[in-house]
Amino acid sequence: MDLLQFLMLVSILFLGTMIVEGDNENLGHGDDNEDISFYSFPVMDITGNIISLHEYSGKVSLVVNVASQCGYTDGHYKMLTLLQKLFDETNKFNVLAFPCNQFGAQEPGTPQEIMDFVYNRMGANFPLFAKVDVVNEGANPAWVHLIKEAGQTPTWNFWKYLVDHNGHVINAWGPSISPDQLYPNIQAAIDKAVQSTKDGNLNKDKRKRDEF
């Protein structure tokens, strides 16, 4: 990791920690806690750029801690890629993949090696983020929030967290559940996201009419 990437990572951890601390302060205060969601956090993508997960707000996300050398790797990447392809036309769904080396040291590669594996060998078609820790001290703040809201902590690679269009966790599944088994859950979440967009557009039209 060069100096620039290190400074970017420090920035992400600092901003994420501020959000998590704010989230903890809001616990037990009703609607105040709804302001914080998975989409509130900044993260680093696999090329070292800091982005806001807010850009995925309004869409359904399947968030996964991935690894390149796991027994679940081949099957999961194939099915995650298929899900992204099947739901791509809705413009309401993304697989969000976070490489992680914490379980069995099965994601040891550099960012470039991981990119080559994911996109060139596995043919993946979804966003890939920088390698992170998802549990224990030093866990990525976005994952800290995700796990707290889900109430389920990953114990191995390829845990899958389904996040709704508002950034809140619907459910979580371990690696023994294949991604294609989640099709009905994803479709239901997308239907709600689409309906939410329609309702929002109707409300905008109503407000415009009321102005005249």
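Residues numbered from 1 in each chain as written. Predicted model: local features only at pLDDT ≥ 70, side-chain atom pairs only at ≥ 80, totals over all residues. Heavy atoms only, no water.

Chemist: So what's going on with the packing of aromatic side chains? Residues and values would help.
Modeler: Tallying each qualifying case throughout the model produces twelve aromatic pairs. Judged by centre distance (6.0 Å) and plane angle (85°), the rings of Y77 and F158 are edge-to-face. Separated by 81 residues along the polypeptide, Y77 in helix α2 (residues 73–87) and F158 in the loop between α4 (141–150) and β5 (160–163) bring together distant segments of the chain. Accessibility assignment for this pair places Y77 and F158 in one class, buried. Among the aromatic residues, those joined into a ring-pair cluster are Y56, F98, F129, W143, W159 and Y161. (Phe/Tyr/Trp six-rings, centres within 6.5 Å; stacked < 30°, edge-to-face > 60°. Helix = DSSP H or I, 4+ residues; strand = E, 2+ residues; numbered from the N terminus. Buried < 20%, exposed > 50% of the residue type's maximum accessible area, 1.4 Å probe, protein only.)

Chemist: Describe the nonpolar core, listing the residues and the values that go with them.
Modeler: Counting residues in each nonpolar core, the largest one holds 30 residues, and the members touching the most others are L62, Y77, F93 and I186. Contributions of two or more residues to this core are made by β3 (60–66), α2, β4 (93–99), α3 (111–121) and α5 (183–211). Discounting chain neighbours no more than four positions away, the residues touching F93 are K59, V60, L62, L83, Q84, F87, I186 and I190. (Core = buried A, V, L, I, M, F, W, Y, C linked by side-chain atoms within 4.5 Å. Contact = heavy atoms within 4.5 Å.)

Chemist: Describe the confidence of the model for the protein chain, with residues and values.
Modeler: Averaged over all residues, the pLDDT of the protein chain equals 86, while 79% of them reach at least 70. Within the model, the stretch residues 3–32 combines pLDDT values under 50 with 35 contacts to residues more than four positions away or in other chains. (pLDDT = per-residue confidence, 0-100.)

Chemist: I'd like a rundown of α3, residues and numbers included.
Modeler: Among all positions in α3, only I114, M115, F117 and V118 are buried. For α3, the buried positions fall inside an angular range of 165° around the axis, keeping them on one side. α3 presents N120 and R121 as exposed residues on the side facing more than 90 degrees away from its buried surface. Tucked inside the fold, the buried residues of α3 contact α2 and β4. Following α3 by one or two positions, G123 has its phi on the positive side, about 70°. (Arc of directions from axis to C-beta.)

Chemist: So what about the environment of P127? Which residues, and what values?
Modeler: Relative to the helices and strands, P127 is located in the loop between α3 and α4. C-alpha separation for the pair P127 and I46, spaced 81 residues apart in sequence, amounts to 8.7 Å. In contact with P127, other than residues within four places in its own chain, are Y56, N94, V95, L96, A97 and Y119.

Chemist: Kindly report on the sheet that holds β3, identifying the contributing residues and their values.
Modeler: With mixed pairing, the four strands of this open sheet are ordered in space as β4-β3-β5-β6. In the strand order of this sheet, the two ends are held by β4 and β6 (169–173), each with one partner. Each neighbouring strand pair of the sheet contributes to a mean axis angle of 20°, computed without reference to strand direction. When β5 meets β6, the two strands line up antiparallel, connected through four bridges. The partner of Y161 across the bridge, within β6, is A172. Seen against the sheet, α2 touches β3, β4 and β5 and runs at an angle of roughly 150° to β4. (Pairing = 2+ DSSP bridges. Axes fitted to C-alpha atoms, helices over the stretch in contact; angles between N-to-C directions.)

Chemist: So, the pairing of β5: which residues are in play, and what are the values?
Modeler: The alternating pattern of β5 places K160 and L162 on one face and Y161 and V163 on the opposite face, and all of these are buried. Alignment of β3 against β5, held across four bridges, turns out to be antiparallel. Of the residues in β5, the one forming a bridge with S61 is V163.

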